[in-house]
Amino acid sequence: MRLAPGAAAIGQSLRTYYASGRAARLDRLLGRFLGPGGLGFDIGAHVGDRAASFRRLGARAVAVEPQPRLCRLLRLLFRRDPGVRLEAALVGAAGGEAALHLNSANPTVATASTGFVAAAATAEGWREQRWDATLTLPVTTLDALVARHGRPDFIKIDVEGFEAEALAGLTWPAPALSFEFTTLQRAVARQALARLAGLGAYRFNASLGESLSLALPGPVSAVAMAGWLDSLPDAANSGDVYASLEPDRLACDR
């Protein structure tokens, strides 16, 4: 039987994000920020590997994912785990509704950002991507999630160019968080850094791609982090910026 493109792509994501040996490396990284009794938000949960890591670390998880097919998968994966709460929504600056642009052949790049879709149309390595459907979905905010589930110890945000919008809906300094960056839209990362700098005395480090290791020897300021991101070659493609109010958590030798 030949699988539909979306099913095949989700299967590839499961093989990638649950590959042998990956869980231990992910837990070492996220264990800097979460431990037993904690709470983590997985914003843009996709196939739930971060939420699964939160649970292995002894923390509760709130997994937020707008794509209906992935929501069904997450319900299946965590159906017996009362420590995982699922939310089927986009996360943005304010509640309401927004259009999610779907890429049926590559569900990892579904996005609510029209700027992301436009940037991909002319970027090397992205031009073959096609967003072939849209869904109008509810939008919640990080503050609203906090009101429902409590204050998290760590927030992971991976929403394909909508990271700054998601952070605009947060009005208090979470102890630690991460957000995805792309060399496709460096301005979004700079906006996210500026937002965090306005919320609290954060320091930053970063992880390239899915290396699950910190790239800088120690924590840096928002200005230095922005400079490092601007210096990356386009081929670096993507990664995650990590922010903490406790700089020692971002030291490579921790």
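Residues numbered from 1 in each chain as written. Predicted model: local features only at pLDDT ≥ 70, side-chain atom pairs only at ≥ 80, totals over all residues. Heavy atoms only, no water.

*Asks:* Explain the sheet that holds strand E4 (residues 90–91) to me, please; I cannot follow it from the model alone.
*Replies:* Whether parallel or antiparallel, the strands of a sheet pair through hydrogen bonds between backbone atoms. Strand order in the open sheet formed by three strands is E4-E6-E5, and the pairing between neighbours is mixed. Unpaired on one side and paired on the other, E4 and strand E5 (96–102) mark the two borders of the sheet. (Pairing = 2+ DSSP bridges. Helix = DSSP H or I, 4+ residues; strand = E, 2+ residues; numbered from the N terminus.)

*Asks:* How should I be thinking about the nonpolar core in this particular structure?
*Replies:* One broad rule of soluble globular proteins: the nonpolar side chains tend to lie buried together. Ile43, Leu142 and Phe179 are the most contacted members of the largest nonpolar core, which has 45 residues in total. Sequence-distant contacts of Phe179, defined by excluding residues within four places in its chain, comprise Ile157, Glu163, Leu167, Ala189, Ala192, Leu193, Leu196, Gly239, Asp240 and Val241. The next biggest cluster of nonpolar side chains, apart from the first, holds 22 residues, and it includes Phe33, Phe54, Ala59 and Leu250. (Core = buried A, V, L, I, M, F, W, Y, C linked by side-chain atoms within 4.5 Å. Buried < 20%, exposed > 50% of the residue type's maximum accessible area, 1.4 Å probe, protein only. Contact = heavy atoms within 4.5 Å.)

*Asks:* Even after reading the chapter, I still don't get the packing of helix H8 (residues 186–199) against helix H9 (residues 222–231), so can you show me in this structure?
*Replies:* The packing of two helices is summarised by the inter-axis angle and the distance between the axes. With their axes 10 Å apart at the nearest point, H8 and H9 run at an angle of 170° to one another. On the basis of their axis angle, the class for H8 and H9 is roughly antiparallel. Along its contact with H8, which presents Arg186, Ala189, Arg190, Leu193 and Ala197, the element H9 presents Ala222, Met225, Ala226, Leu229 and Asp230. Here the residues of the contact of H8 with H9 are counted per class, giving seven nonpolar, no polar and three charged. (Axes fitted to C-alpha atoms, helices over the stretch in contact; angles between N-to-C directions. Parallel < 35°, antiparallel > 145°, perpendicular 65-115°, else oblique. Nonpolar A, V, L, I, M, F, W, Y, C, P; charged D, E, K, R; others polar.)

*Asks:* How do you make sense of the pairing of strand E1 (residues 39–43) when you look at a structure like this?
*Replies:* Sheet faces and side chains relate simply in a regular strand, where the side chains alternate between the two faces. The element E1 is extensively covered by neighbouring structure, given that five of its five residues are classed as buried. The pairing of E1 with strand E2 (residues 60–64) spans five bridges and is classified as parallel. In the strand pairing of E2, Ile43 is matched with Val64. Crossover handedness for the path E1 to helix H3 (residues 49–56) to E2: right-handed. Pairing geometry for E1 and strand E7 (residues 154–157), over four bridges, is parallel. Considered in E7, the bridge of Gly40 is made with Phe154. (Right-handed = clockwise from strand over helix to strand, strands pointing away.)

*Asks:* Hey, could you run me through unusual backbone geometry in this one?
*Replies:* Note on backbone geometry: most residues besides glycine have negative phi, and most peptide bonds are trans. Even without a glycine there, the phi angle at His46 is positive, about 55°. Looking at where His46 falls in the secondary structure, it is placed in the loop between E1 and H3. The backbone of Asn237 sits at a positive phi, close to 70°, despite the residue not being glycine. Take Asn237: it is sitting in the loop between H9 and strand E10 (238–244).

*Asks:* I keep staring at empty space enclosed by the protein and nothing clicks. Help me out?
*Replies:* Vacant regions in the atomic arrangement are exposed by a probe of water-molecule size rolled over the atoms. The full count for this structure, using the stated rule, is one cavity of 30 Å³ or more. What the largest cavity holds in volume is close to 40 Å³. Lining the largest cavity are Gly161, Glu163, Glu180, Phe181, Thr182, Gln185, Val188 and Ala189. Within the residue set of the lining of the largest cavity, elements represented by two or more residues are strand E8 (176–182) and H8. With three residues, the single largest contributor to the lining of the largest cavity is E8. (1 Å grid on protein atoms, 1.4 Å probe; cavity = no way out; pocket = protein on both sides within 12 Å on 5 of 7 lines; lining within 4 Å. Points joined across faces, edges and corners; volume = space filled by probe spheres on them.)

*Asks:* I'm lost on the layout of surface pockets in this one. Help?
*Replies:* Volume-wise, the largest pocket comes out at about 710 Å³. Along the walls of the largest pocket sit 39 residues, with Tyr17, Thr108, Asp158, Glu160 and Glu180 positioned nearest its centre. Sorting the residues of the lining of the largest pocket by element identifies helix H1 (5–17), H3, E4, E8 and E10 as the ones contributing at least two each. The biggest single contributor to the lining of the largest pocket is E10, with three residues. The residue makeup of the lining of the largest pocket, split by class, is 16 nonpolar, 14 polar and nine charged. If you add up the space inside the second largest pocket, you get close to 190 Å³. The wall of the second largest pocket is formed by Gly6, Ile10, Gln67, Pro68, Arg69, Leu70, Leu102, Asn103, Ser104, Pro107, Asp132 and Ala133. Among the secondary structure elements, those contributing two or more residues to the lining of the second largest pocket are H1 and helix H4 (68–77). Here the lining of the second largest pocket takes three residues from H4, the largest share from any one element. The residue inventory of the lining of the second largest pocket, partitioned by class, reads six nonpolar, four polar and two charged.

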